[in-house]
Every structure is written in C-alpha cells, then in structure tokens.
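Coordinate analysis (summary)
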Amino acid sequence: SQQGEEDPQALSIQEGENATMNCSYKTSINNLQWYRQNSGRGLVHLILIRSNEREKHSGRLRVTLDTSKKSSSLLITASRAADTASYFCATAPSGGFKTIFGAGTRLFVKA
Amino acid sequence: EAGVAQSPRYKIIEKRQSVAFWCNPISGHATLYWYQQILGQGPKLLIQFQNNGVVDDSQLPKDRFSAERLKGVDSTLKIQPAKLEDSAVYLCASSLELRTGAEQFFGPGTRLTVL
C-alpha cells in the first residue's frame, strides 16, 4: 500500500523559479525522507526530517513537516534544468523498519 | 566507494518463464532491500534483509517470487513463473544498518519486460 501521496502529480516550471511539492501520509511516522529519481543517476536520497523537526534545509532544498496534518512539503529554490526528475516522499511508519514510497511528483524544469 | 551493483540491466522474457536478478550491495551494508517499481509509480518494497535474515517480506508474492541472501552479502531475486504484470524495474538498495528511516543507496535497477 502507498503511505505517501504526492501532490501535484506533475509540475512544469521555468528555470529560476521555485518548485513546491507536497506529500500527505496516513499513519504516525518516525521520519520522512525525500528522494529524487532521474534517468542519469537513478534513485538518490535528498534529505531526511525527523518527526520532532518542523523544517530542514540542505542547499537549495527546504523541507517542512507538519505531523498534526500528516503532511510534508519540499521546496526547491532557483530551479535548474538539471532538477528535472521525479521526486518521492518516503515515510518510516512508527514501530517498524519499513520505508514506504509515494507515487511521486514529476518535475520538469524548462531552460 | 563502489555503489550498489545490479545485473542484468535489462531482461525480456515470455510469460511463464523464469528470471533471476542479482544484487551486490555497498560493502559493509548490513541491510538489503528489493523493490518493484511499475512505470509511473513509486517503488514498492518486496523484501528486506538484515544480514542473511528476512526482516520484512509481507508484500512479496511468495507463490512466484523468492529471494535469498545466503552469506549476508549478495542477493538474488527470482520470479518463477513470470506474469505480464511483473513487468517493472526491480531495484536493489542497501543501508548501513537496520534503523528506521535509514538512508538507502539504490542500484541502477533491472528493467524486466514480460511478453
């Protein structure tokens, strides 16, 4: 079963613009991760945010987590053509070791 | 540092045939995962190993899929017999330890087409 649901399913923006993707999940979690997948580098871990954290930054990435709403967002600032990829949220439900991926947001950045 | 290796990269078979995939995780990584990713969807965990023991195989279709990690290093995933709906990319990943939300390092995947 898919725990995380990303929104939107697809996003097309111009280079230099910001991109925001959202993830909603159903059960309580220990942490939430974001991964990127493109044809060149496969599936790559971007950032992890723990359930007791509300915001985290890594370079041009900003992740927020709202456990009361069971949602997270990934913001990519000043996007580049190389950011074109699918982005997945992956949740680690409490009480286990499993990681459950959502269906992903497909981002296309036009040069 | 070498990444996760998988082979073959591509495989085309007919339904009811058998197929096997191989994965070599990053050296020293105790936890190994096999995922199935159908086109347009996110990866779905099939099985998770800690060393050579199974941690989770709740979503593995055990009537046709099997996996092993005999010496706690390499792993093989087998499908016998294959069905059309098994067409997907099979991803292997590894992580340093068994820890909730551990960062996983993924291999390039094996793209399986069942005709």
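What you see is a predicted model; the values in this text were computed from it and never measured.

**What to know about the overall build of chain A**
Of the regular secondary structure elements, chain A holds zero helices and 11 strands. Moving toward the C terminus, one meets the helices and strands of chain A in the order β-β-β-β-β-β-β-β-β-β-β. Here the C-alpha radius of gyration of chain A, 13 Å, is about what a compact globule of 111 residues would show, namely 13 Å. With the C-alpha coordinates aligned to their principal axes, the bounding extent of chain A is approximately 45 × 25 × 20 Å.

**Here's the deal with unusual backbone geometry**
Residue Pro8 of chain B is bonded to the preceding Ser7 of chain B through a cis peptide linkage, with omega at -10 degrees. With respect to the helices and strands, Pro8 of chain B occurs in the loop between strand E1 (5-7) and strand E2 (10-13). With an omega of -5 degrees, the peptide bond running from Gln80 of chain B to Pro81 of chain B counts as cis. Relative to the helices and strands, Pro81 of chain B is located in the loop between strand E8 (75-79) and strand E9 (88-95). Residue Lys70 of chain A is not a glycine yet carries a positive backbone phi of 50 degrees.

**As for the pairing of E9 of chain B**
Two faces make up the sheet, and in a regular strand the side chains alternate between them. All names here are of chain B. Of all eight residues making up E9, eight are buried, and the element is well covered by its neighbours. Neither face of E9 is left uncovered, since the one carrying Ala88, Tyr90, Cys92 and Ser94 and the one carrying Val89, Leu91, Ala93 and Ser95 both have all their residues buried. Sheet analysis places strand E4 (residues 31-37) next to E9, joined by seven bridges and oriented antiparallel. Counterpart to Leu32 in the pairing with E9 is Ser94. Taken together, the three bridges between E9 and strand E11 (residues 110-114) define a ladder with antiparallel strand orientation. Note that in E11 the partner of Tyr90 across the bridge is Thr110.

**Section: the sheet that holds E8 of chain B**
Backbone hydrogen bonds hold the strands of a sheet together, and the pairing may be parallel or antiparallel. All names here are of chain B. What the four strands build is an open sheet, ordered E1-E3-E8-E7; its pairing is antiparallel. Among the strands making up the open sheet, the edge pair consists of E1 and strand E7 (65-68). Each neighbouring strand pair of the sheet contributes to a mean axis angle of 15 degrees, computed without reference to strand direction. Of the pairings in the sheet, the one linking E1 to strand E3 (residues 19-24) comprises three bridges and is antiparallel in character. When the bridges of E3 are listed, Gln6 appears paired with Cys23.

**Some remarks on the interface of chain A and chain B**
Each partner contributes to the interface: chain A provides 20 residues, whereas chain B provides 21 residues. At the boundary of chain A with chain B, total buried surface from both sides reaches about 1,600 Å², with 48% on carbon and sulfur atoms. On the chain A side of the contact with chain B, Leu43, Phe97 and Lys98 of chain A bury the most area, a combined 35% of that side's loss. Seen at the junction of chain A and chain B, the total is one salt bridge. Among the ionic pairs, Asp56 of chain B bridges to Lys98 of chain A, the shortest N-O distance being 3.5 Å. In this assembly, chain A and chain B are joined by six residue pairs in polar contact (both at pLDDT 80 or more). Listing elements by their share of the side of chain A that touches chain B, those giving two or more residues are strand E4 (29-38), strand E5 (42-50) and strand E9 (85-93) of chain A.

**Quick word on the sheet that holds strand E8 (residues 71-76) of chain A**
Residue and element names in this part refer to chain A. Ordered by their spatial adjacency, five strands build an open sheet running E1-E3-E8-E7-E6, and the pairing between neighbours is antiparallel. At either margin of the open sheet sits one strand with a lone partner, and together these are strand E1 (5-7) and strand E6 (55-58). Across the sheet, the axes of successive neighbouring strands diverge by a mean angle of 20 degrees, strand direction being ignored. The pairing of E1 with strand E3 (residues 19-24) spans three bridges and is classified as antiparallel. The partner of Glu5 across the bridge, within E3, is Ser24.

Conventions we followed
- Residues numbered from 1 in each chain as written.
- Chains lettered and ligands numbered in written order.
- Predicted model: local features only at pLDDT ≥ 70, side-chain atom pairs only at ≥ 80, totals over all residues.
- Heavy atoms only, no water.
- Helix = DSSP H or I, 4+ residues; strand = E, 2+ residues; numbered from the N terminus.
- Rg over C-alpha atoms; globule rule 2.2 N^0.38 Å.
- Buried < 20%, exposed > 50% of the residue type's maximum accessible area, 1.4 Å probe, protein only.
- Pairing = 2+ DSSP bridges.
- Axes fitted to C-alpha atoms, helices over the stretch in contact; angles between N-to-C directions.
- Contact = heavy atoms within 4.5 Å.
- Buried area = accessible area lost by both parts, 1.4 Å probe.
- Salt bridge = Lys/Arg side-chain N within 4 Å of Asp/Glu carboxyl O.
- Polar contact = N/O pair within 3.5 Å; in protein donor to acceptor, adjacent residues only side chain to side chain.

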